[in-house]
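Close look at the chain arrangement
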Amino acid sequence: MRIPEEIKELVPEMTAWRRELHANPETAFEEKWTSAFVAEKLRFFGLEPHTGLAGTGVVATLKAGSSKRAIALRADMDALPLKEANTFDHRSKNEGRMHGCGHDGHVAMLLGAAKHLAASKDFDGIIHFIFQPAEEGGGGAGKMVDEGLFDRFPCEAVYGLHNWPALPLGTFGVRPGPMMASSDKFEIELGGTGCHAAMPHTGTDLVLVASSIVQELHTIVSRSVDPLEPAVVSVAHVKAGDGAYNVMPGSVLLRGTARAFSTEVRDIVERRIRGICAGIAAAHGAKVEVKYSRNYPPTVNDEAQAALCAEVAAGLAGKDNVIAVKPVMGAEDFSFMLRAKPGCYVFAGSGEGDPAPLHNPEFDFNDKLLPIGAAYWSALVGQVLPK
């Protein structure tokens, strides 16, 4: 691993930042302490942070040389609404909030790169360091874009990075085209006449209706979507009645998620969900309302930018340690930035031994990744904005 000595010297500092961030997690659009922490560090590096985009977002610009070319590097800052199970000293101090996805490490790596680049200025052009709130379901990236992120901080490309415990430490995962899926939410409300369970003919058996809908929804992927096009439809929540064994409920609620890599497949899935619900409800004399919301679009890497990032990663870790990963059905709101600008999102392997997966109450970011991530950002800048 080719890590500059100057970045190796930052490891104790980056580790301290990361663990302080881990101990003070804040969820979507509540990252006030985190935003202030980031802004303070950037000022110490000699940068002027701009705050307020998407409420708690922070952006700082670093210039060197005479080139007007500009790029943006992004880290997400928010934590999960999750109770931490770890017992180490830097565990969460905020009950019910936890950095269970490694955003604390993402911030620390980008801060390390910012400090290194501000000191060396070994590039020619402009870098915008973006510290984004509310990746975990809040769509903070989209909100920053909508509020004029790239109007205020124009750039030719934007780049993102995520720690990935499923890949070994010291490897990178990248691919052109779809990297992560879209994330849509649906809510199905069924209504009818409740009745005694011993006399189902006097009411509407909404549990049966709901069961039929759940079963039929799972045919969408197998029978309505091209077999060569990935898609997922999952019902994740069912609420029916108040627990009585002999009362047929007068309402049932289903909630779930749908994932895909293209607008065409998203359209098919939404249309079929609505059609299935309407048809089954009508067949049973039930009322139905479907609420379908398109949350995050697919994360799609620009082909040329993906090749560039793979080259940078290979220069850092060796060609054999750059993996052409398969697309992931999880979602990422960096997709909003990639819709606005060409760019690339990569996975940085962080797995050692048997690590806890992302979004697990026992997860902790692997601090050995800190110098690798900071070195990747610095090498990327040097490649795109050579001195």
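Further up the page is the structure itself.
To start, this report covers the structure provided alongside it. It should be emphasised that the depicted structure is a prediction, and the values quoted were computed from it without experimental measurement.

Some details on the packing of helix α2 (residues 11–23) against helix α4 (residues 103–120)
Contact geometry of α2 with α4 gives a least axis separation of 8 Å together with a crossing angle of 145 degrees. In terms of crossing hand, the pair formed by α2 and α4 is right-handed. Of the residues in α4, those touching α2 at E13, M14, W17, R18, L21 and H22 are D104, G105, V107, A108, M109, L111, G112 and K115.

Quick look at the pattern of salt bridges
Enumeration according to the criterion identifies 21 salt bridges in this entry. Close ionic contact of E13 with K115 constitutes a salt bridge, the shortest N to O distance being 2.7 Å. With E13 in helix α2 and K115 in helix α4, this residue pair connects regions lying 102 residues apart in the sequence. Between R294 and D267 there is a salt bridge, with its nearest N and O atoms 2.8 Å apart. Placement of R294 in strand β13 (residues 287–296) and of D267 in helix α9 (residues 263–284) is noted, with a sequence separation of 27 residues between them. The exposure class of R294 is partly exposed, given its relative accessible area of 35%. What you see here is one network of salt bridges that share partners, running through R18, R19, D104, D364 and D367.

Here we look at the nonpolar core
Of all hydrophobic cores here, the largest spans 62 residues; its most connected members are L42, L73, F129, F131, Y159, Y376 and L380. When residues no more than four places from it in sequence are discounted, the contact partners of L380 are L73, Y159, L308, C309 and V312.

Regarding α9
For α9, spanning 22 residues, the distance from its first C-alpha to its last is 32 Å, which sits close to the expected 32 Å at 1.5 Å a residue. Within the sequence span of α9, burial applies to V265, R266, V269, E270, I273, I276, C277, I280 and A281. All buried residues of α9 project into a common sector of 140 degrees when viewed along the axis, lining one side. Exposed and oriented more than 90 degrees from the buried face of α9 are E264, R271, A282 and A283. Check the buried side of α9 and you find it contacts β8 (183–191), α7 (206–217), α8 (219–224), β10 (231–240), β12 (251–260) and β13.

Some details on the pairing of strand β5 (residues 157–168)
Of all 12 residues in β5, 10 are buried, a share of seventy percent or more. In terms of strand pairing, β5 meets strand β16 (residues 343–351) through 8 bridges, oriented parallel. Residue pairing for β16: Y159 is matched across the bridge by C344.

Calculation notes
Residues numbered from 1 in each chain as written. Predicted model: local features only at pLDDT ≥ 70, side-chain atom pairs only at ≥ 80, totals over all residues. Heavy atoms only, no water. Axes fitted to C-alpha atoms, helices over the stretch in contact; angles between N-to-C directions. Helix = DSSP H or I, 4+ residues; strand = E, 2+ residues; numbered from the N terminus. Left-handed = near helix turned anticlockwise from the far one by under 90°. Contact = heavy atoms within 4.5 Å. Salt bridge = Lys/Arg side-chain N within 4 Å of Asp/Glu carboxyl O. Buried < 20%, exposed > 50% of the residue type's maximum accessible area, 1.4 Å probe, protein only. Core = buried A, V, L, I, M, F, W, Y, C linked by side-chain atoms within 4.5 Å. Expected span 1.5 Å × (residues − 1). Arc of directions from axis to C-beta. Pairing = 2+ DSSP bridges.

Geometric values such as these leave the question of function open.
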